[in-house]
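Results of the structural survey
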Amino acid sequence: ASPRDLVASTGGTMRSACTLTSVVMLGAISLASSATAGAARHAVSPSPASRLAAFATSVPLPSARRGLPVRGRATAPLHPTASLGGRGAMPLPPALLLGPQGLAAVRGKTQTRGQGRAGLSLSRSVAMQAASTDAETAEKTAEKPAVKKRVISGVQPTGNLHLGNYLGAIRQWALNQDEYENYFFVVDLHAITMPHSPAELSKSSFDIVALYLACGIDPKKSRIFIQSHVPQHAELAWLLNCVTPMNWMEKMIQYKEKAKKQGESVSVGLFDYPILMAADILLYQAQLVPVGEDQRQHLEISRDISRRFNDLYCKKKSMPAKGRKVFRDPEALIVKEGARIMSLEDGRSKMSKSDPSEGSRINLSDSEDVIRKKIKRCKTDQFEGMEWDNPDRPECTNLLNILKECSGRSREDIMAEVKDMKWGEFKPVLADAIVAHLAPIQARYNELVDDKTYLHEVLREGAEGAEEVAAQTMQWTKTAMGFTSRADLV
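Residues numbered from 1 in each chain as written. Predicted model: local features only at pLDDT ≥ 70, side-chain atom pairs only at ≥ 80, totals over all residues. Heavy atoms only, no water.

**Side note on the packing of helix 14 (residues 368-377) against helix 17 (residues 423-448)**
Axis separation between helix 14 and helix 17 bottoms out at 10 Å; the angle between their running directions is 150°. With respect to helix 17, the axis of helix 14 lies roughly antiparallel. Judged by the twist between their axes, the crossing of helix 14 over helix 17 is right-handed. Contacts from Glu368, Ile371, Arg372, Ile375, Lys376 and Arg377 in helix 14 reach Lys427, Pro428, Leu430, Ala431, Asp432, Ile434, Val435, Leu438 and Gln442 in helix 17. Of the residues belonging to the contact of helix 14 with helix 17, the class tally is 8 nonpolar, 1 polar and 6 charged. (Axes fitted to C-alpha atoms, helices over the stretch in contact; angles between N-to-C directions. Helix = DSSP H or I, 4+ residues; strand = E, 2+ residues; numbered from the N terminus. Parallel < 35°, antiparallel > 145°, perpendicular 65-115°, else oblique. Left-handed = near helix turned anticlockwise from the far one by under 90°. Contact = heavy atoms within 4.5 Å. Nonpolar A, V, L, I, M, F, W, Y, C, P; charged D, E, K, R; others polar.)

As structure tokens, this is what we get:
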């Protein structure tokens, strides 16, 4: 049928369709303009297509515009170039305004002319509301702060913190406090896996906290607490014991090394040490864990335990966990290059608290005289001059790394000064840098270590905040495993 025949056959219905289509197009243009303006204000790309599709579903078109039979004749959507009795071109058809999906949504609905007019008013209201919603959503998105990743790390209270602990870990924790959500704690439960002095354990725990604070850890930005003050650590460790295969523990390298030193007196706790470490990490849903090369195996076992638990208890929606994973797989947070500090007596071994020789490390609490004596006696080599990264000179590389980290100078700047020095000339330069770097830390530590009231306040608030997260994880864990609680006994 020609356009004129169609107009004649549809009469008033066709005029209503024309009016309705025009308004739809105006509403669409208005909506697209509003969305585009909102996007320009909030740096969000407009999405008119999705809003138009939603808008279209509330606008049922008259039967003549949907290709339905009218007065015994089959009609089709009019071409935009068809004239309407000299009134000019028709508006764009819904297929071009709304696309195939939007058009499909409006097909099949019938509506009288009066209902169409009511629908127009409602549709324009919907369009305005949609544009307003877009602007509000963009504002909320722009104002919402970025979610920080959670970092967790701990230090044993046995022995003194040394220069390697500080330069390799604690200083970086302090520098990254604004970037991450941090949980730092004293791992006293780990300390008792080896023979220990009860009196020394208590004193050392508070000393470590004082050193944390002196090194720049801010309790307003990071949670600082003692491991045993949050009982969920030990509870989760037991539950994870019951899902971890024995042969996983038998492969752990550190257990084998330490067991040789202890002989038959080695404890089950030392064997089980990696599971407690896994509990420390998984309890807080940590995303990042600062680790060195010697601790990578412990992080991997934590990931393996997490996946095994989720597979056993969270895989099916019919289980108590209803298909929701309890634990998050942690990732390694690698320390920056050059921050690994080696022993003063062996440039190939890491500086360690467990080394029986005091001369192997610089403790953060060492006096100036002690520091100078240790540097004067540290191991060197027979080569002339100073150089970095010579595999035959590990002690030289280590001492240069310490100078770089303590002075904050670049390699190029350091080499310009010390390249041609002999060891007798270089060691005083290194000692001066270490003493100057540690002086403010030691001064702050001496103030804090005697302020028990402040230390207790920091630890109490840290433990309370940590336990909120730990208790939630424990609830999920026990629910997934089928435990009942006292709340079930009402």
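**Overview of helix 18 (residues 452-481)**
Counting along an α-helix, one turn takes 3.6 residues, and residues three or four places apart therefore face a common direction. Its 30 residues place the ends of helix 18 41 Å apart at the C-alpha level, agreeing with the 44 Å of an ideal helix rising 1.5 Å per residue. Where helix 18 bends most, the angle comes to about 25°, and this point is Glu467. (Expected span 1.5 Å × (residues − 1). Bend = angle between axes of the 7 residues up to and from the residue.)

**Brief notes about the pattern of salt bridges**
For the structure on display, the rule yields 22 salt bridges. The salt bridge partner of Arg303 is Glu300, with a shortest N-O separation of 3.9 Å. Of this pair, Arg303 and Glu300 both sit in helix 13 (residues 296-313), 3 residues apart, roughly one helical turn. When its relative accessible area of 40% is taken as the criterion, Glu300 is described as partly exposed. Here Arg393 ties to Glu387 by a salt bridge, and the two come within 3.2 Å at their closest N and O atoms. (Salt bridge = Lys/Arg side-chain N within 4 Å of Asp/Glu carboxyl O. Buried < 20%, exposed > 50% of the residue type's maximum accessible area, 1.4 Å probe, protein only.)

**Let's talk about helix 13**
Along its 18 residues, helix 13 runs 26 Å from first to last C-alpha, staying within 8% of the 26 Å computed at 1.5 Å per residue. For helix 13, every residue scored as buried is listed here: His298, Leu299, Ile301, Ser302, Arg303, Ile305, Ser306, Phe309 and Asn310.

**Examining the packing of aromatic side chains**
Inspection of the entire model under this criterion finds 8 aromatic pairs. Ring centres 4.5 Å apart and planes at 10° place the aromatic pair Trp173 and Phe184 in the stacked group. Taken together, the residues Trp173 in helix 6 (residues 163-175) and Phe184 in strand 2 (residues 181-186) connect sequence positions 11 residues apart. For Trp173, a relative accessible area of 6% gives the class buried. Judged by relative accessible area, which is 0%, Phe184 ranks as buried. Three or more aromatic residues joined by ring pairs form one cluster here, namely Tyr183, Phe185, Phe225 and Tyr284. (Phe/Tyr/Trp six-rings, centres within 6.5 Å; stacked < 30°, edge-to-face > 60°.)

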